[in-house]
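Each chain, letter by letter, is given below.
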Amino acid sequence: MGLEVAMRIGMVGLGRMGANMVRRLLEGGHECVAYDHTAENVKAVVAHGARGATTAAELVKALTPPRVVWIMVPAAVVDSVIGELAPLLTKGDVLIDGGNSNYRDDIRRASALRASGIHYLDVGTSGGVLGFKEGYCLMIGGAPEAVALVEPAFATLAPGRRQAAAAGATERQSQPGKPAAGNAASLSAAAMGYLHCGPSGAGHFVKMVHNGIEYGLMAAYAEGLNLLAHADVGRTAGAADAETAPLANPQFFQYQLDLAAITEVWRHGSIIESRLLDLTAGALARDGKLTDFAGHVSDSGEGRWTVEAAIEVGVPAQVLSAALYARFESRGRAEFANKLLSAMRLGFGGHIERSA
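Computed from a predicted structure; not experimentally measured.

Moving on, we come to the packing of helix α1 (residues 16-27) against helix α7 (residues 144-157). At a closest axis distance of 9 Å, the pairing of α1 and α7 adopts a crossing angle of 105°. Put simply, α1 runs roughly perpendicular to α7. Counting all contacts with α1, which are made through Met-21, Arg-24 and Leu-25, the residues of α7 involved are Ala-153, Thr-156 and Leu-157. Residue classes in the contact of α1 with α7 are distributed as 4 nonpolar, 1 polar and 1 charged.

Attention now goes to the pattern of salt bridges. Think of it this way: side chains of opposite charge can pair up when their charged atoms draw near. Across all of its chains, the model carries 13 salt bridges by this definition. As a salt-bridge pair, Arg-108 and Asp-105 come within 3.3 Å of each other at their nearest N and O atoms. You can see Arg-108 and its partner Asp-105 sitting in helix α5 (residues 103-114), 3 residues apart, about one turn around the helix. Taking the relative accessible area as the measure of exposure, Arg-108 reaches 41% and is therefore partly exposed. By relative accessible area, Asp-105 is classed as partly exposed at 27%. Between Arg-109 and Asp-106 there is a salt bridge, and its shortest N-O distance comes to 3.8 Å. Note that Arg-109 and Asp-106 are positioned in helix α5 at a spacing of 3 residues, about one turn of the helix. Of the two residues, Arg-109 and Asp-106, neither departs from the other in class, the shared state being buried. The structure contains a network of salt bridges with shared partners spanning Asp-79, Asp-97, Asp-105, Asp-106, Arg-108 and Arg-109.

Mapped onto the fold, Ser-126 is located in strand β6 (residues 119-126). On the basis of relative accessible area, Ser-126 is assigned to the buried category, the value being 17%. In this structure the side chain of Ser-126 is engaged in a polar contact, spanning 3.2 Å, whose partner is the side chain of His-210. With residues near it in sequence (within four places) discarded, Ser-126 still touches Gly-135, Tyr-136, Cys-137, Met-139, Lys-207 and His-210.

What follows concerns the packing of helix α4 (residues 78-85) against α5. In the contact formed by α4 and α5, the axes pass within 12 Å of each other and the chain directions differ by 10°. When the axis of α4 is compared with that of α5, the two are roughly parallel. Mapping the contact onto sequence places Val-78, Asp-79 and Ile-82 in α4 and Arg-108, Arg-109 and Leu-113 in α5. Its residues placed into classes, the contact of α4 with α5 shows 3 nonpolar, no polar and 3 charged.

Conventions adopted
Residues numbered from 1 in each chain as written. Predicted model: local features only at pLDDT ≥ 70, side-chain atom pairs only at ≥ 80, totals over all residues. Heavy atoms only, no water. Axes fitted to C-alpha atoms, helices over the stretch in contact; angles between N-to-C directions. Helix = DSSP H or I, 4+ residues; strand = E, 2+ residues; numbered from the N terminus. Parallel < 35°, antiparallel > 145°, perpendicular 65-115°, else oblique. Contact = heavy atoms within 4.5 Å. Nonpolar A, V, L, I, M, F, W, Y, C, P; charged D, E, K, R; others polar. Salt bridge = Lys/Arg side-chain N within 4 Å of Asp/Glu carboxyl O. Buried < 20%, exposed > 50% of the residue type's maximum accessible area, 1.4 Å probe, protein only. Polar contact = N/O pair within 3.5 Å; in protein donor to acceptor, adjacent residues only side chain to side chain.

Written as C-alpha cells, this is what we have:
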C-alpha cells in the first residue's frame, strides 16, 4: 500500500475502532504494537500482524524514540491510562487521545505533559465501524511538530489514501520519521480526510461540534420518516371525545408508504443523501418495523458539550439542543413531567388521562 513513510505506533485500547485502526495501519505498511486489558483483543490484532504487549511498559519498550502511542479508550478512563503511560515516556514522545474526550481536558493534559517534554495530540476520530474499509476522518489538535511526526499515520488512516491509490498516485519519498506531506493544516490534507485544526483541544472541539451536528441530522431524518410512517392516519377512525383533537381532513392522510423504498430513492441524486441515510435505508430494508430497537437513544457527551459551548459563546443552537433533549425524552426522562401535565389538566378541567 506504501503511499506513506512506515512508522511504528503503539495502540492502547482495542475495541471496535481501536482494533480496526490497527488493521488499517498494518495494511498501510506501518508496524503496530498493541495493548489492551483484555487479552483476547490483543490476540485478535496479533492475528492480523500486530505485535502484542501484555503491559503498558512492554508496549513502550517495543517502540523507538520518538515514540508514538495512540489511546483509543472511553473518555472516562483516559486520565488513568495517561497516568499509566506518562512515567514510561520520555522527552519528544507523542501521546495521542483519539477518543471522544472533552476538549477542556485536552488543554489540561497537554499542559501537564508539556512539563515533561511529552507532546499530546487530541484527535477527533469519525468513521465508526466503517472506518477500516472507508477510512477515518481525523480532526487534530496540538503542536505542529508533533502533528508532522505522526502525519504518515494520519494519511494512512484517512480515506484519501485509498482514493489516491485508486487514482494512480506515485509513492512519495520522505525521510524516516518525517511527514509524507508535511502540510496537515492545509486544504489538500483536508481533502484527504485529516486536518490539523489548531492548538491543544482544537481537534476534539471540532469533533464535539461534528457530533452535535450528527445529533441534529439524525433527528431530522427520524422526525421526517416518522411523519411519513403516520401518513395513513386518515384510514383509521379516531376517537370522538373532548380529550382528542379531531383530524380535520382525513382524506389527506391516506398514504401507506414504503419507507425502505423511499429512503433508498433518496440515496440517489437527492440533496439529502448521506452516509446516515445509507445506514437508515439499510436498517429499514432489513426490518421496516425496526422491531429490534426499543427507541431508547443514548448520548455519549459530545452533544451536551456542544450545547454548553453554544451557551457560553452566546450563539443560537436550537436544532442541536432540541436533538439532544429528544434523546433525553427517549429514555423516559420526560415521564414525570408528562404526569404533571396530566395532573394539572385533571385539576383545572377534569380531563381524564387516556390510555396510550
